[in-house]
Amino acid sequence: MKITIATRKSQLALWQAEFVKAELLKLDSQLNIELLPISTKGDKILDVPLAKIGGKGLFLKELENAMLAGEADIAVHSMKDVPMEFPEGLQLTTICKRERPSDAFVSNNFDSFMALPEKAIVGTSSLRRVAQLAHARPDLQFVSLRGNVNTRLKKLDDGEFDAIILATAGLIRLGFQERIKEELDTGLSLPAGGQGAVGIESRTDAKAINELLVKLAHVETHDCVMAERALNTRLHGGCQVPIAAYAQIEKGELLLNGLVASADGVTMIRTSQRGKPDDAWEIGTQAAEHLLEQGAQSILDEVYQQAK
């Protein structure tokens, strides 16, 4: 069987695609697997914040078009970049075991986020991170930082920033674990839904391939990410909005923490919900409803208005 994997061209995206290729070959060493690296609109437009150009779906459209055109069989994504809805004929087939989901503090001169001096310049492309970190340290300057991991680290090393915030998982996967000065506690920076997890998208009619992909699924990660995605779905969330959601399994129960914040971090609404892992989607929806009851909708409306 031949399988072509559509992937973005970034080093991290290629790592994810190679990871899935290796896992598939463990299942069947006779598979003929090729990578199809594609430049997406999100990769090409680097001088504008994602929220201004349409969100994280910009990293997927070209990969999905390649699958629909028959040029690729599957696409590999970081789950935090995957929108809630899929084009007709495509589906999210598998979520693989999650790497550490936290945000990482990276700096050449300071050992922790709270050790940063007043007015220090912090680079991040995420409104979610900015809102939460500004809530804790409103005295800091947060500056948009786009590009792949290597590009962001180089800008830090060139002195453009006092610190940058990246996903811990990406740094670990690319061998930059030693650059992490501090893994941010989830109480300080709650991760994005799906952060640290790799997802595989495929055509709904690719029966033989889908039967293979299902074997790569990690049940615990799937349940947690589904709860996080349910919260985002109910809130109509995207990268334009500071929404965070992180679920974990504790003593057989699924615990979901979620929050919605104003863009400046002044207002922050939190929720925490528990339940059976099998009820992950209901737990996420319930968490979203609790946020809405506390006034999340007015915050979301204001943030969307500012993004226009």
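Above: the structure in question.
Here is what the cut-offs are and how they apply
Residues numbered from 1 in each chain as written. Predicted model: local features only at pLDDT ≥ 70, side-chain atom pairs only at ≥ 80, totals over all residues. Heavy atoms only, no water. 1 Å grid on protein atoms, 1.4 Å probe; cavity = no way out; pocket = protein on both sides within 12 Å on 5 of 7 lines; lining within 4 Å. Points joined across faces, edges and corners; volume = space filled by probe spheres on them. Helix = DSSP H or I, 4+ residues; strand = E, 2+ residues; numbered from the N terminus. Pairing = 2+ DSSP bridges. Contact = heavy atoms within 4.5 Å. Axes fitted to C-alpha atoms, helices over the stretch in contact; angles between N-to-C directions. Salt bridge = Lys/Arg side-chain N within 4 Å of Asp/Glu carboxyl O. Buried < 20%, exposed > 50% of the residue type's maximum accessible area, 1.4 Å probe, protein only. Right-handed = clockwise from strand over helix to strand, strands pointing away. Core = buried A, V, L, I, M, F, W, Y, C linked by side-chain atoms within 4.5 Å. Left-handed = near helix turned anticlockwise from the far one by under 90°.

### Comments concerning the layout of surface pockets
Summary: where empty space remains is shown by rolling a probe the size of a single water molecule over the atoms.
Here's step 1: Estimated volume of the second largest pocket: approximately 190 Å³.
Here's step 2: Lining the second largest pocket are 13 residues, and of these Arg98, Glu220, Thr221, Tyr246 and Ala247 sit closest to its centre.
Here's step 3: Secondary-structure elements contributing two or more residues to the lining of the second largest pocket are helix 9 (219-234) and strand 11 (243-250).
Here's step 4: Residue contributions to the lining of the second largest pocket peak at 4 residues, all from strand 11.

### Quick look at the sheet that holds strand 9 (residues 182-183)
Sheet strands pair via backbone hydrogen bonds, and the direction of the pair is either parallel or antiparallel.
Here's step 1: Spatially, 7-6-8-5-9 is the arrangement adopted by the 5 strands of the open sheet, whose pairing is mixed. The outermost strands of the open sheet, each flanked by one partner alone, are strand 7 (141-143) and strand 9.
Here's step 2: Two strands pair when backbone bridges link them, and strand 5 (residues 103-106) and strand 8 (residues 163-167) are joined in this way by 4 bridges, in the antiparallel orientation. Along strand 8, the bridge assignment pairs Phe105 with Ile165.
Here's step 3: In the packing of helix 5 (residues 127-136) onto the sheet, contacts are made with strand 5, strand 7 and strand 8, and the angle to strand 8 comes to roughly 125°.

### What about the pattern of salt bridges?
Here's step 1: For the coordinates displayed, the defined rule picks out 16 salt bridges.
Here's step 2: Two residues, Asp158 and Lys154, come together in a salt bridge whose shortest N-O distance is 2.8 Å.
Here's step 3: For Asp158, a relative accessible area of 48% corresponds to the partly exposed category.
Here's step 4: One salt-bridge network, held together by shared partners, links Asp73, Arg203 and Asp205.

### Side note on the pairing of strand 2 (residues 32-38)
Here's step 1: Bridging between strand 1 (residues 2-8) and strand 2 involves 7 bridges; their strand directions are parallel. Following the sheet pairing, Lys2 is matched in strand 2 by Asn32.
Here's step 2: In this region the chain leaves strand 1, passes through helix 1 (residues 11-27) and returns to the parallel neighbour strand 2; the handedness of that crossover is right-handed.

### Some remarks on the environment of Leu174
Here's step 1: Looking at where Leu174 falls in the secondary structure, it is placed in the loop between helix 7 (168-173) and strand 9.
Here's step 2: A residue is classified by how much of its surface remains accessible, and Leu174, at 15% relative accessible area, is buried.
Here's step 3: Separated by 22 residues in sequence, Leu174 and Gly196 place their C-alpha atoms 13 Å apart.
Here's step 4: Once you skip the residues sitting within four places of it in the chain, Leu174 turns out to touch Gln11, Leu12, Trp15 and Val149.

### Side note on the nonpolar core
Here's step 1: Counting residues in each nonpolar core, the largest one holds 30 residues, and the members touching the most others are Leu231, Leu235, Ile243, Leu254, Leu256, Val260 and Leu291.
Here's step 2: Among the secondary structure elements, those contributing two or more residues to this core are helix 9, strand 11, strand 12 (253-261), helix 10 (280-293) and helix 11 (296-307).
Here's step 3: Considering every element that reaches this core, the biggest residue donor is helix 10, with 6 residues.
Here's step 4: Those residues in contact with Leu256, other than ones at most four positions away along the chain, are Ala227, Glu228, Leu231, Ala245, Tyr246, Ala247, Thr271, Ser272, Gln273, Ile283, Gly284 and Ala287.
Here's step 5: Counting 17 residues, the second-largest nonpolar core is a separate cluster that includes Ile3, Leu24, Leu31 and Ile33.

### Notes on the packing of helix 9 against helix 10
Between two packed helices, the angle of one axis relative to the other and the distance separating the axes together describe the packing.
Here's step 1: Close contact between helix 9 and helix 10 brings their axes to 7 Å; oriented N to C, the two are set at 35°. Of the two possible hands of crossing, helix 9 and helix 10 adopt the one that is right-handed. Along its contact with helix 9, which presents Asp223, Met226, Ala227, Arg229, Ala230, Leu231, Thr233 and Arg234, the element helix 10 presents Ala280, Trp281, Gly284, Thr285, Ala287, Ala288, Glu289, Leu291 and Leu292.

### Looking at the pairing of strand 13 (residues 268-275)
Here's step 1: Across 8 bridges, the pairing between strand 12 and strand 13 is antiparallel. Note that in strand 13 the partner of Val260 across the bridge is Ile269.

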